[in-house]
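A structural walkthrough
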Amino acid sequence: MFKSILLSSILLLILSGCGEQSQQQAPKDIPALPVEVVVLKSRNIPIWMQYTGRTEASSTQEVRARVTGILEAVYYRDGEYVKKGQKLFKIEQTDYIAALDSANAKKRRDLAALKLAKADVNRYRPLVKEGLAPRVTLEQYEAQVASLEADLFSDEALIRQAELELSHTIVKAPIDGQASRRLFDVGNLVGKNESTLLTTINNTDPLYAYFAPSEEDFQKIAKFRKQDVMQAYIDLNYQSETLKNKPIFGHVDFTDNTVSSNTSTVSMRAEVPNVEHSVLPGTFVYVNIFITDAFELMGIPPQVIFEDQRGKYVYTVGSDQTAERAYITSILDSRFFVLLKKDGGLKDGDKVIISALLRLKPGVKVAPTDMTQTKGLDAVLKANSLIPVLPKKEE
């Protein structure tokens, strides 16, 4: 009797424990993950090709001493922005003022001698005509007049030379731009047996950015370019958020006429405004040039792309509102968007997930919110001024 009661109690405990365990293991409904999506649509998208480049000043001028002397004054601060014609240095003038005074004095002596010689010619001419004086004397005075007139031409040249050398004692800026540090201090002898370099001036507005596409890329540019003068912009692409810059737009103004035998590239140059002088020569930049918008493509944000052994992929919203992987083949990658062909793994109407990316995996239920108007391709192009201004066709 006791054993049957004990056995019944044990069975009751086991059954009740199993019931509690089955209740604890009952699956709960997981809420759908809120995500933002952009809806794809193929269209004519402007194609920009990106290259690495270096900036250079549009004009670099060496400021040199053209006369010899002691440096007496410096009129600018190291690194100052100067204007064309602004005084930069003063070289000792004493010797050059003396040379100019001497040249002027010689001219006055020659003028006095010429005046006397002309008076002698005028005095002897009637005497020779009447036979009262020998002709040879008149001819000597006439030769003296001609010689003194030639001396006066020489005097004028010497005066101009002296004035020029005196003007060179005031060294002025040949262009607008930023002057480098002075290479000589006051009291140093400059210009002795050489044109001493005093400083250098860089004009950085406009600014040049040199880049070198491969020979193959150059042929693509030449074949598909839509404009004779291609639009371009430079991108500094700093990693720090506090240093983020907007693209600086300009145009391609130079293409070299030969392919480098060492690198198989073609040197090209973009010219961009630099009014605030915020970009210095020698800066590493990305140069982007507009090629064409004649092809129908699709664009997606670069930050939504993952990669595994099979290749690149993105997450899209499936018909059952779950996340699905879609492997893609891109034809052009840029900082702002990645371009795909129509058969590049996605199709019109696909909803590409652009948020909560680290929480995604295939099969996860999602609750999509359409952000195409504010975060889609058109919004990206407009926000970053990537819609090229094409010339109007003449009717």
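The structure this text deals with has already been given above.
Keep in mind that what you see is a predicted model, and the values were worked out from it rather than measured.

Definitions and limits used
- Residues numbered from 1 in each chain as written.
- Predicted model: local features only at pLDDT ≥ 70, side-chain atom pairs only at ≥ 80, totals over all residues.
- Heavy atoms only, no water.
- Pairing = 2+ DSSP bridges.
- Helix = DSSP H or I, 4+ residues; strand = E, 2+ residues; numbered from the N terminus.
- Buried < 20%, exposed > 50% of the residue type's maximum accessible area, 1.4 Å probe, protein only.
- Salt bridge = Lys/Arg side-chain N within 4 Å of Asp/Glu carboxyl O.

Considerations on the sheet that holds strand β20 (residues 338-340)
Spatial strand order, β2-β15-β20-β19: 4 strands in an open sheet with antiparallel pairing. Two strands close off the open sheet at either side, each with one partner strand: β2 (43-44) and β19 (330-333).

Regarding the pairing of strand β17 (residues 311-317)
For β17, the tally of buried residues reaches 6 of 7 residues, placing the bulk of the element in the interior. As defined by bridge partners, strand β16 (residues 306-308) adjoins β17 across 3 bridges and the pair is classed as antiparallel. Pairing of Glu307 across the sheet is with Lys312, part of β17. Remark: 2 residues form the turn of the hairpin made by β16 and β17, two consecutive strands paired antiparallel. Here 5 bridges tie β17 to strand β18 (residues 323-327), and the two strands are oriented antiparallel to one another. For Val317, the partnering residue across the bridge sits in β18 and is Ala323. Two successive antiparallel strands, β17 and β18, enclose a turn made up of 5 residues, where Gln321 displays a positive phi of approximately 60°.

Here's the deal with the sheet that holds strand β6 (residues 87-91)
By way of backbone hydrogen bonds, the strands of a sheet pair with one another, either parallel or antiparallel. Taken together, 4 strands build an open sheet; the order of strands is β7-β6-β4-β9 and the sheet is antiparallel. Strands with a single pairing partner mark the edges of an open sheet, and in this sheet they are β7 (170-172) and β9 (189-190). Bridge count between strand β4 (residues 69-74) and β6: 3 bridges; the pairing is antiparallel. The residue of β6 that forms the bridge with Leu71 is Ile91.

Notes on the pattern of salt bridges
The tally for this structure, following the rule as stated, stands at 16 salt bridges. The partner of Asp110 in a salt bridge is Lys106, and the shortest N-O contact between them spans 3.0 Å. With a gap of 4 residues between them, Asp110 and Lys106 both fall in helix α2 (residues 94-129), about one helical turn apart. Among the residues examined, Lys106 registers a relative accessible area of 30% and is labelled partly exposed. Asp293 is the salt-bridge partner of Lys226, the closest N and O atoms lying 2.5 Å from each other. Linking Lys226 in the loop between α4 (215-224) and β11 (231-235) with Asp293 in the loop between β14 (284-292) and β15 (296-300), this pair joins segments that are 67 residues apart in sequence. Taking relative accessible area as the criterion, Asp293 reaches 16% and is therefore assigned buried. Because the salt bridges share partners, they merge into one network encompassing Asp78, Arg182 and Asp185.

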